[in-house]
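Residues per chain are reported as follows:
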Amino acid sequence: MTPPAGLARPLPPPRADLGLRQGYHSPQVPVEVRLNTNESPYPPPPEWLEALVAQARNIAFNRYPDRAARGLREALGQWHGVPPEQVFAANGSNEVLQSVCLAYGGAGRKAAMFEPTYALHAHIAHLTGTGLVQGQRRPDFTLDVTAATELLEQEDPAVVFLCSPNNPTGLAEDASTVSSIVAATAGLVVVDEAYGQFASWSALELVAEGVPLAVVRTYSKTWSMAGLRLGYLIGPSEVVKALERVALPYHLDALKQAAGRLALGFSAQMEHRVASVVAERDRLVAALSRMPVQVWPSQANFVLWRPRQRRGQEVWQGLVARSVLVRDTSSWPGLQGCLRTTVGTREENDRFLSALAEVLA
Ligand SMILES: *Cc1c(COP(=O)(O)O)cnc(C)c1O
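**Quick notes on the sheet that holds strand 7 (residues 213-218)**
Overall, mixed pairing links the 7 strands, which are arranged 2-8-7-6-5-3-4 in an open sheet. Since the sheet does not close on itself, it has two edges, and those belong to strand 2 (87-90) and strand 4 (131-136), each with one partner. Each neighbouring strand pair of the sheet contributes to a mean axis angle of 25°, computed without reference to strand direction. Pairing geometry for strand 7 and strand 8 (residues 231-234), over 4 bridges, is antiparallel. Residue pairing in the sheet places Val 216 in a bridge with Leu 233 of strand 8. Each of strand 2, strand 5 (159-163), strand 6 (188-192), strand 7 and strand 8 touches helix 3 (residues 92-104); the most contacted strand, strand 8, lies at about 50° to it. Seen against the sheet, helix 5 (residues 145-155) touches strand 3 (110-115), strand 4 and strand 5 and runs at an angle of roughly 160° to strand 3.

What follows is the structure, encoded as structure tokens:
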């Protein structure tokens, strides 16, 4: 369309600091086996979808949804054994993390994280104008608690992000590490447990009123509902109140609230899917350890590994040529040469393993 006379002119530039960081995205290449974004390879149960469709008929779509998402928060609270006042829900755990940065970060405040870790923690902190404190993990990706404590004392961040199990390394923190970090900072400690149900320990057991600790979970991975965009936080009610102050009015639509609540009625199916993924993950790790690659133990639904004799990028290309897509993390800081494979179905994992054997031969 030709611009109306006299109105066209150079557009105003967006915030100059946005240019500093690349937006976060995983390249989507058309392939047969997609093992790059840590989704569940299994769909949610058809019974859940039927229940949701039935519910949808009762929703008054001309009305705004329940602003407090009471039903969903009560159901989540019950599921975790906490009152609804200790539950905050949002559009994906990424929006929960953004709400944390809006409420506790911002200009003049800092958020700390320990790299390599989930790239979105730094990205969201940056977007919300929160200063970054980026500590480093040891070469084996474990957290050096003494060094971390020193850094936290020196920098005094308002928020400390941990990710357990950590994406992209797969390692989980233990109770003593999380407790030490909570003890070492005056800030709010947020443990991102997107992969919580794949791991053997959860920081949820340390959450209590009066403890500056919150745990973030999502429906995207273990619940097989990445398309739903629903995540939540369990923490002290004071933290939940602060997050509600930065959330947009009616940010959770009525259908999503119903979907999340109904999903909890299918926990047994979720646990069954998680158990199959864990069994496949352990098979994948065992198979990789028999190949010329270094492989890290994983408590999540993905495995980080590094070809010993070949460049990571080259191996990634070789896999794509065989219609298998994994995440190329080989140029990420601290992850030189590494690739990350999401655990798929048995067939998908076999496709990946045989393609890799060919590429490495
Ligand atoms: C996948 C993932 C999430 C999920 O984010 P959603 O917005 O809930 O889809 C959060 N944190 C980590 C560490 C992840 O890997």
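**Observations regarding the packing of aromatic side chains**
Enumeration according to the criterion identifies 7 aromatic pairs in this entry. Measuring from centroid to centroid gives 5.2 Å for Phe 141 and Trp 296, while their planes differ by 50°, and the two rings are tilted. Of this pair, Phe 141 sits in the loop between strand 4 and helix 5 while Trp 296 is found in the loop between strand 9 (293-295) and strand 10 (302-307), placing the two residues 155 residues apart along the sequence. Through pairs of rings, three or more aromatic residues link up here, namely Trp 79, Tyr 219, Trp 223 and Tyr 232. Over the ring of Phe 302 we find Arg 340, and its NZ or CZ is 5.6 Å from the ring centre.

**Some thoughts on the packing of helix 1 (residues 46-56) against helix 8 (residues 254-263)**
For any two helices packed against each other, one specifies the inter-axial angle together with the distance between the axes. Two elements in contact, helix 1 and helix 8, have axes separated by 10 Å at closest approach and are oriented at 140°. The angle between helix 1 and helix 8 places the two elements in the oblique class. The element helix 1 and its partner helix 8 pack so that their crossing is right-handed. Contact residues: Trp 48, Ala 51, Leu 52, Gln 55 and Ala 56 in helix 1; Leu 255, Ala 258, Ala 259, Arg 261, Leu 262 and Ala 263 in helix 8. Here the residues of the contact of helix 1 with helix 8 sort into 9 nonpolar, 1 polar and 1 charged.

**Some remarks on the environment of Lys 256**
Examined against the element boundaries, Lys 256 turns out to sit in helix 8. For Lys 256, a relative accessible area of 7% puts it in the buried group. Among the polar contacts listed, one links the side chain of Lys 256 to the side chain of Asn 91, at a separation of 2.6 Å.

**A look at unusual backbone geometry**
With omega at -5°, the peptide bond leading from Glu 115 into Pro 116 counts as cis. Note on placement: Pro 116 falls in the loop between strand 3 and helix 4 (119-127). With an omega dihedral of -10°, the bond running from Ser 164 to Pro 165 counts as a cis peptide bond. A positive phi angle is found at Ala 69, which is not glycine, with a value near 45°. One non-glycine residue, Phe 141, lies in positive phi territory at about 75°.

**Structural notes on the state of the cysteines**
One pass over the structure, following the stated rule, counts 0 disulfides. In this structure Cys 101 is not part of a disulfide, and its nearest cysteine sulfur, from Cys 163, lies 14 Å away. You can call Cys 101 buried: its relative accessible area is 1%. Of all cysteine sulfurs in the structure, the one in Cys 163 sits closest to Cys 338, which takes part in no disulfide; the separation is 16 Å.

**A closer look at the site of the ligand**
Of all residues adjacent to the ligand, which total 13 residues, the nearest are Ser 93, Tyr 195, Thr 218, Ser 220 and Lys 221. Interatomic distance of 2.8 Å between a side-chain N/O atom of Asn 167 and an oxygen atom of the ligand. The side chain of Arg 229 places a nitrogen or oxygen atom 2.7 Å from an oxygen atom of the ligand. The fraction of the free accessible surface of the ligand (390 Å²) that becomes covered by protein chains is 94%. Among the residues forming the shell around the ligand, the class breakdown is 4 nonpolar, 6 polar and 3 charged.

**As for the nonpolar core**
In this structure, Tyr 219, Leu 288, Trp 305, Leu 319, Phe 352 and Leu 356 are the most contacted members of the largest nonpolar core, which totals 76 residues. In terms of residue count, the dominant contributor to this core is helix 9 (residues 267-289) (7 residues). The two domains that each donate at least three residues to this core are domain 1 (21-44 + 268-360) and domain 2 (46-266). Among residues more than four places away in sequence, those in contact with Phe 352 are Leu 35, Leu 284, Leu 288, Trp 305, Leu 319, Val 324, Val 326 and Thr 341.

**A closer look at the domain arrangement of the protein**
When its domains are assigned, the protein resolves into domain 1 (21-44 + 268-360) and domain 2 (46-266). The centre of domain 1, based on its C-alpha atoms, is set 25 Å off from the matching centre of domain 2. If you look at the interface, domain 1 gives 32 residues, while domain 2 gives 33 residues. At the junction of domain 1 and domain 2, the tally comes to 0 salt bridges. With 8 residues, helix 9 is the single largest residue contributor to the side of domain 1 that touches domain 2. A per-class count over the side of domain 1 that touches domain 2 returns 17 nonpolar, 10 polar and 5 charged.

Reading the values: rules and limits
- Residues numbered from 1 in each chain as written.
- Predicted model: local features only at pLDDT ≥ 70, side-chain atom pairs only at ≥ 80, totals over all residues.
- Heavy atoms only, no water.
- Pairing = 2+ DSSP bridges.
- Helix = DSSP H or I, 4+ residues; strand = E, 2+ residues; numbered from the N terminus.
- Axes fitted to C-alpha atoms, helices over the stretch in contact; angles between N-to-C directions.
- Contact = heavy atoms within 4.5 Å.
- Phe/Tyr/Trp six-rings, centres within 6.5 Å; stacked < 30°, edge-to-face > 60°.
- Lys NZ or Arg CZ within 6 Å of the ring centre and 35° of its normal.
- Parallel < 35°, antiparallel > 145°, perpendicular 65-115°, else oblique.
- Left-handed = near helix turned anticlockwise from the far one by under 90°.
- Nonpolar A, V, L, I, M, F, W, Y, C, P; charged D, E, K, R; others polar.
- Buried < 20%, exposed > 50% of the residue type's maximum accessible area, 1.4 Å probe, protein only.
- Polar contact = N/O pair within 3.5 Å; in protein donor to acceptor, adjacent residues only side chain to side chain.
- Disulfide = S-S within 2.5 Å.
- Near = heavy atom within 4 Å.
- Areas by Shrake-Rupley, 256 points an atom, 1.4 Å probe, with all protein chains shown as cover.
- Core = buried A, V, L, I, M, F, W, Y, C linked by side-chain atoms within 4.5 Å.
- Domains from an automatic or database assignment.
- Salt bridge = Lys/Arg side-chain N within 4 Å of Asp/Glu carboxyl O.

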